[in-house]
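Summary of the model geometry
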Amino acid sequence: MLLARFLRKMASNNPTVNRLEQKAAEADQVIEYIKMQIALLKEKAVLQASKREEKKLRVENCRLKREIKALKEQLVQTEVRNGVRQIPVPSTSSDEQSDHVTAAPKPEKHEVPVVPVSVSKTSAPAGEQVEEKKKEKKKEKPDKKGEKKEKKTTSGGDDDSKPVDVSRLDLRIGLIVTAKKHPDADSLYVEEVDVGEGIPRTVVSGLVNHVPIDKMQNRMAVMLCNLKPAKMRGVVSQAMVMCASSPDKVEILDPPSGAVPGDRVTFETYPGEPDKELNPKKKIWEQIQPDLSTNDQCVATYKGVPFEVKGKGVCKAQTMANSGIK
């Protein structure tokens, strides 16, 4: 009985079920439409964002170009100040192309090459720059060789421009602080000599057979200080003791009383400045030495002009008159 009633009621409600199903189908269509609209809105939002980003990138690109141009100008000015030769590069349409790039709808494809411009000195390709640098180096090499030659001539003293006379010799008063026998040569002394430089010079002298060792200690002498240092039996000699000399006898020249280590020995008619170091190839000492001698009063002279310490007197040998000096 109850079942029959339920079936009759379901039959009577059948149109209602149909309407509900119809409404559900319509609702599904609306939801699909809304989903499509949402997807379109998302795409539109992304497109607008990309356009804003594109605009920002264009502005940033223009700013970078201005900065790069300013940096290139500064670089060129700095190179000119430092003496770097500028190589003119033929103008191309690259600038015009870059202007078109900024106005193009997709500038991001052309932004990548902009960055290296700040590194390059010119708009020429890197390969061409390398070739130009190689050519410049090849051209500059002969000039550098010439400069080296000039430096060599100047470092050895103005040998060609200065007269060859006694003014080229750096003769100074020295104090032989100590003297001892050379460990490997019986005829040589090794001395420590104060020539006014703070640190004594080591001097090797062949005076063993002429001057007793006790006469070498704490003794004033005239020293030639600008000979090139030379090794004598393993010991480097940095100066030479000036002596009156003959085949049978040798005497160390005595400075005037009152002279102190470092005093310069000068010559009245030869006022030039001494060389920093005599060039052995020019044979300066060998050309001057024959004109050094003592006069009949044992005064040391160059062509008759005395060895003089200004304000203190002349240098002399003890007994050797009219003898050579070396």
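Our subject is the structure listed above.
The structure reproduced in this document is the subject of the present report.

Cut-offs applied
Per-chain numbering applies: the sequence of each chain, read as written, is numbered from 1 onward. This being a predicted model, a pLDDT of at least 70 is required before a residue's local features are given, and a value of 80 or more before pairs of side-chain atoms are given or counted; all residues contribute to the totals for chains, interfaces and linings. Calculation of side-chain values draws on the structure's entire complement of heavy atoms; hydrogens and water are dropped beforehand. Side-chain rings of Phe, Tyr and Trp, where Trp is taken by its six-membered ring, are said to pair if the distance between their centres is within 6.5 Å; with planes under 30 degrees apart they count as stacked, over 60 as edge-to-face, and otherwise as tilted. Counting from the N terminus, the helices are DSSP H or I runs at least four residues long and the strands are E runs at least two residues long. Residues enter patches when they are more than 30% accessible in relative terms and free of salt bridges; like-charged ones are connected within 9 Å and nonpolar ones (Val, Leu, Ile, Met, Phe, Trp, Tyr) within 5 Å. Accessible areas in this description were obtained via Shrake-Rupley with a 1.4 Å probe; residue shielding takes into account the shown protein chains only. Salt bridge, as used here: a side-chain nitrogen of Lys or Arg that lies within 4 Å of a carboxyl oxygen of Asp or Glu. Summary of the burial criterion: residues with accessible area below 20% of their type's maximum are buried, those above 50% are exposed, and those between are partly exposed, where the area comes from a 1.4 Å probe applied to protein chains only. In protein, a polar contact means a hydrogen-donor-capable atom and an acceptor-capable atom, both N or O and within 3.5 Å, with residues adjacent in sequence counting only if both atoms are side-chain atoms; elsewhere, any N or O pair within 3.5 Å suffices. Whether two residues touch is decided by their heavy atoms; if any such pair falls within 4.5 Å, the residues are in contact.

**A few points about the packing of aromatic side chains**
- Scanning all chains against the criterion turns up 3 aromatic pairs.
- Note on Phe267 and Tyr302: the rings are 6.4 Å apart at their centroids and 75 degrees apart in plane angle, and the pair reads as edge-to-face. Within this pair, whereas Phe267 is found in the loop between strand 9 (250–252) and helix 5 (284–288), its partner Tyr302 is found in strand 11 (residues 300–302), the two being separated by 35 residues in sequence.
- With a centroid separation of 4.9 Å and an interplanar angle of 70 degrees, the aromatic rings of Phe267 and Phe307 are classed as edge-to-face.

**Comments concerning a nonpolar patch on the surface**
- A grouping of Val30, Tyr33, Ile34 and Ile38 is seen on the molecular surface, where their side chains present a nonpolar patch of about 380 Å² in accessible area.
- By secondary structure assignment, the location of Val30 is in helix 2 (residues 14–81).
- Overall, Val30 belongs to the partly exposed group, its relative accessible area being 48%.

**Some remarks on the side chain of Arg172**
- The topology assignment puts Arg172 in strand 1 (residues 171–182).
- For Arg172, the side chain forms a polar contact with the main-chain oxygen of Val195, separated by 3.4 Å.
- The residues contacting Arg172, other than those within four sequence positions of it, are Val195, Glu197, Arg201, Ala221, Val222, Met223, Cys225, Gly262, Asp263 and Val265.

**What about the pattern of salt bridges?**
- Scanning the model with the defined rule gives 11 salt bridges in all.
- Two residues, Arg172 and Asp170, come together in a salt bridge whose shortest N-O distance is 2.9 Å.
- A relative accessible area of 14% places Arg172 in the buried class.
- Judged by relative accessible area, Asp170 falls into the buried class, the value being 12%.
- In this structure, Asp254 and Arg219 form a salt bridge, with 3.6 Å as the shortest nitrogen-oxygen distance. In this pair, Asp254 sits in the loop between strand 9 and helix 5 while Arg219 sits in strand 4 (residues 219–224), placing the two residues 35 residues apart along the sequence.
- Connected via shared salt-bridge partners are Asp170, Arg172, Glu197 and Arg201.

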